[in-house]
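# Observations on the three-dimensional arrangement
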Amino acid sequence: MRTLGNLRELYVDNILCDWRFDKLFAPLMNQFFEENSIIQRFFFFACNSQLERVSILRGRYVTMGPVTAMIEFPQWALMRFVRRSPRLKWFRSELTEENKQILSREKP
């Protein structure tokens, strides 16, 4: 994704992030979805600086560990993405109304 510096729009509705079979990447991925993780990154962090329009409806990921489950992207992760995307003008996701209002006050 580091080569996607000119990417302006991204539509990944119904995305399912599943890294269980990637031996190098998998150990890091749960940390992307843990709010208090040492890794303070967020999804699409390598290409977010130029993104203006993003749709990520019904985004889910597969948890690692003894029990695997498909979980919706957490609200805090969606909000972190919006807050750290400086050019973002349009964002479609499963954010709650309350979180949409918070973000609209922060980024009118």
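Within every chain, residues take consecutive numbers counted from 1 along the sequence as written. Whole-chain, interface and lining totals are the exception, using all residues; otherwise, since this is a predicted model, local features are given only for residues with pLDDT of at least 70 and side-chain atom pairs are given and counted only at 80 or more. Side-chain descriptors were evaluated using all non-hydrogen atoms of the structure, hydrogens and water having been removed beforehand.

On to the sheet that holds strand β5 (residues 70–72), then. In this scheme, strands are said to pair when DSSP sees at least two bridges between them. In DSSP terms, a helix is any run of H or I states spanning at least four residues, a strand is any run of E spanning at least two, and both are numbered starting from the N terminus. Read across the sheet, three strands follow the order β2-β4-β5 without closing on themselves; strand pairing throughout is mixed. One side of each edge strand has no neighbouring strand; the edge strands of this open sheet are β2 (16–17) and β5. Bridge count for strand β4 (residues 60–62) against β5 is three bridges, and the pairing is antiparallel. Directly across from arginine 60, in β5, lies its bridge partner glutamate 72.

Each aromatic ring pair is characterised by the separation of its centres together with the angle its planes make. The aromatic pairing rule takes the rings of Phe, Tyr and Trp, using the six-membered ring of Trp, and pairs them if the centres are within 6.5 Å, calling planes under 30 degrees apart stacked, those over 60 edge-to-face and the rest tilted. For the structure on display, the rule yields three aromatic pairs. For the ring pair tyrosine 11 and tryptophan 90, a centre distance of 6.2 Å and an interplane angle of 50 degrees mean the geometry is tilted. Taken together, the positions of tyrosine 11 in strand β1 (residues 9–11) and tryptophan 90 in strand β6 (residues 90–92) put the pair 79 residues apart, joining distant regions of the chain. When accessible area is computed with a 1.4 Å probe and restricted to protein chains, residues below 20% of their type maximum are described as buried, those above 50% as exposed, and intermediate ones as partly exposed. Given the relative accessible area of 42%, tyrosine 11 is considered partly exposed. Ring geometry for tyrosine 61 against phenylalanine 73: centres 6.4 Å apart, planes inclined by 25 degrees, an arrangement best described as stacked. Pair noted here: tyrosine 61 is in strand β4 and phenylalanine 73 is in the loop between β5 and α2 (75–83), with a separation of 12 residues, a long-range link. Per residue, the accessibility class of tyrosine 61 equals that of phenylalanine 73, and both read buried. Counting as a charge over the ring demands two things of the Lys NZ or Arg CZ atom: a distance within 6 Å of the ring centre and an angle within 35 degrees of the ring normal. Above the plane of the ring of tryptophan 90 lies arginine 53, whose end atom (NZ or CZ) is 4.1 Å from the centre.

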